[in-house]
Amino acid sequence: MVDLAEEEMDNPTFRSDTVLSDVHLHCPGKRHLMVRLNAVGQPVFLSYFKLLWSTEDLASGKHVREITAGREHQSRSGDELCDKDRSNKKKGESNSEGVEALLDDDGDLEVVRRPRNASDLEAEDLLRDIVCPVILMKGKEDAFEDEEQECTCSDVVKIEHTMATPLEDVGKQVWRAAFLLADYILFKRDTFRCCSVLELGGGTGITSIIMGTVAKRVYCTDVGEDLLAMCEQNVALNKHLMEPGGGEVKVKELDWLKDEFCTDPEAPYSWSEEEIADLLDHCSVIMAADVFYDDDLTDALFRSLYRITHNLRSSCTVYLALEKRLNFTLRHMDVTCEAYSHFRNTLNGLENLQDGKMKYTVEPIKLDFCQFLVYERIEQL
């Protein structure tokens with residue numbers, strides 16, 4: 001028995017069939033609403049993502065420092081409150097409710113939880129809240145009318161998505177790098193104004209929707225009819241955000257494992273010859289967020305990237321955003337990020353490519369630009 005146990009411990013096997021983005025668990029919105037089941041039976045949730053600027057402010061060109069200063073003031077206020085609480089503790093003062101430390105019969109200290117007061121509530125505003133899903137039952141839609149009225153049309157992005165999907169369906173979730181890229185788009189909105197843009201692996205479409213508020217036309221691409229239908233629904237939900245700038249988002253199929261655009265007229269998200277020509281003639285920006293998690297798909301994406309940029313009429317800029325996901329691996333007996341390492345190696349290979357036809361230059365972007373969407377910007381982004 002011992003020998004068998006030792007043999008099994010030498011060859012452990014770990015299996016996981018679901019992946020969950022913690023964006024959904026720590027969303028600043030009040031609740032997630034389950035609105036329907038998709039074509040493959042997965043629950044679909046509706047989440048609200050708050051814009052720190054409204055699209056009206058963006059259109060008017062209001063300066064970013066107005067928003068930034070407000071957030072800094074809030075942070076300082078929270079720090080002052082926390083410092084005040086700490087100083088009170090040092091002085092041994094009781095709190096506002098008059099709770100004092102107690103000793104039991106043996107003289108041991110009994111720790112009493114301090115009642116919640118105003119400083120606690122203010123400090124908690126600076127932290128993320130865990131938000132649990134709420135099922136929207138049939139016939140109960142009116143129960144959430146007040147919440148929808150609180151979210152003005154110009155400062156909230158509504159996104160339908162799923163949770164805890166298999167790895168092949170992770171595009172149906174929302175990921176942090178999509179928010180990071182959206183932040184950069186809003187920060188550099190003059191750079192993208194009136195551009196023609198292609199997004200690879202658009203998923204739920206949130207980055208393309210934000211790009212659609214400033215760009216002229218965005219081709220949001222991915223694979224899977226169910227995912228593309230969800231993306232198209234999200235574009236429709238947020239059409240009012242793009243209307244002031246005249247932007248347009250088109251949802252299309254683009255499979256990195258295939259060498260050609262899908263032009264089958266029977267396919268629901270196929271390309272017309274006019275759309276392909278428009279993309280190749282006018283595209284000046286390509287973007288992708290959080291699509292580097294599988295080595296084979298990473299290789300396929302870079303092959304597609306080379307093929308598309310080779311056929312463009314003009315040069316373009318490619319923006320890639322991702323999150324380094326650290327994992328402990330038995331092979332290295334250490335914490336590594338193999339998907340990121342493979343991505344960097346492939347990117348270096350593209351930059352060093354010498355075929356006499358194309359030249360690629362890679363430049364990192366500093367992440368000191370302002371945050372326009374409420375999410376947790378971690379150092380691994």
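On a predicted model such as this, the values are computed, not experimentally measured, just so you know.

As for the confidence of the model for the protein
In low-pLDDT segments, the atomic positions of the prediction should not be examined closely. Averaged over all residues, the pLDDT of the protein equals 78, while 65% of them reach at least 70. Counting contacts from residues 63–99, a segment whose pLDDT is below 50, to residues more than four positions away or on other chains yields 27 contacts. In the predicted structure, residues 133–150 sits below a pLDDT of 50 and forms 21 contacts with residues beyond four places in sequence or in another chain.

Thoughts on helix α13 (residues 338–351)
For an α-helix the count is 3.6 residues per turn, leaving residues at separations of three or four pointing the same way. The end-to-end C-alpha separation of α13 is 20 Å, in line with the 20 Å expected for 14 residues at 1.5 Å each. If you check which residues of α13 are buried, you get Tyr-340, Phe-343, Thr-346, Leu-347 and Leu-350. The buried residues of α13 occupy an angular sector of 125° when projected down its axis, which confines them to one face. Those residues of α13 hidden inside the fold are in contact with α12 (295–311) and β11 (317–321).

As for the nonpolar core
Inside soluble globular proteins, nonpolar side chains tend to come together where they are buried. Residues Phe-179, Ile-185, Phe-192, Val-197, Met-211 and Met-287 are the most contacted members of the largest nonpolar core, which totals 47 residues. Per element, the largest residue contribution to this core is nine residues, and it comes from helix α6 (residues 176–187). Among residues more than four places away in sequence, those in contact with Phe-179 are Val-23, Phe-49, Val-174, Ile-206, Leu-373 and Tyr-375. With 28 residues, the next largest nonpolar core counts Leu-280, Cys-283, Phe-292 and Leu-305 among its residues.

Focus: the side chain of Lys-252
Examined against the element boundaries, Lys-252 turns out to sit in strand β9 (residues 248–253). Residue Lys-252 is classed as buried on the basis of its relative accessible area, which comes to 11%. One polar contact links Lys-252 to Glu-275, side chain to side chain, over a distance of 2.9 Å. If we skip the residues at most four places from it in the chain, Lys-252 touches Tyr-219, Cys-220, Thr-221, Asp-222, Leu-228, Tyr-269, Ser-270, Trp-271 and Glu-275.

Some points on the packing of α12 against α13
Relative orientation of the contacting elements α12 and α13 amounts to 25°, with a least axis distance of 10 Å. One finds that α12 runs roughly parallel with respect to α13. For α12 against α13, the interelement crossing comes out right-handed. Here α12 contributes Asp-295, Thr-298, Asp-299, Phe-302 and Leu-305 to the contact with α13, which in turn contributes Glu-338, Ala-339, His-342, Phe-343, Thr-346, Leu-347 and Leu-350. Along the lines of polarity and charge, the residues of the contact of α12 with α13 split into six nonpolar, three polar and three charged.

Examining the pattern of salt bridges
Throughout the structure, instances matching the rule amount to 16 salt bridges. Asp-226 is the salt-bridge partner of Lys-172, the closest N and O atoms lying 2.9 Å from each other. On the criterion of sequence distance, the pair formed by Lys-172 in the loop between β6 (156–161) and α6 and Asp-226 in helix α9 (residues 225–237) is long-range, its members being 54 residues apart. Exposure remark for Asp-226: the relative accessible area of 18% places this residue in the buried category.

Some points on unusual backbone geometry
For Cys-194, which is not glycine, the phi dihedral falls at a positive 65°. Mapped onto the elements, Cys-194 comes out in the loop between α7 (189–192) and β7 (196–199). Taking relative accessible area as the criterion, Cys-194 reaches 58% and is therefore assigned exposed. A positive phi angle, near 55°, is found at Asp-290, a position not held by glycine. Structurally, Asp-290 is set in the loop between β10 (283–289) and α12. Given the relative accessible area of 11%, Asp-290 is considered buried.

Conventions we followed
- Residues numbered from 1 in each chain as written.
- Predicted model: local features only at pLDDT ≥ 70, side-chain atom pairs only at ≥ 80, totals over all residues.
- Heavy atoms only, no water.
- pLDDT = per-residue confidence, 0-100.
- Contact = heavy atoms within 4.5 Å.
- Helix = DSSP H or I, 4+ residues; strand = E, 2+ residues; numbered from the N terminus.
- Expected span 1.5 Å × (residues − 1).
- Buried < 20%, exposed > 50% of the residue type's maximum accessible area, 1.4 Å probe, protein only.
- Arc of directions from axis to C-beta.
- Core = buried A, V, L, I, M, F, W, Y, C linked by side-chain atoms within 4.5 Å.
- Polar contact = N/O pair within 3.5 Å; in protein donor to acceptor, adjacent residues only side chain to side chain.
- Axes fitted to C-alpha atoms, helices over the stretch in contact; angles between N-to-C directions.
- Parallel < 35°, antiparallel > 145°, perpendicular 65-115°, else oblique.
- Left-handed = near helix turned anticlockwise from the far one by under 90°.
- Nonpolar A, V, L, I, M, F, W, Y, C, P; charged D, E, K, R; others polar.
- Salt bridge = Lys/Arg side-chain N within 4 Å of Asp/Glu carboxyl O.

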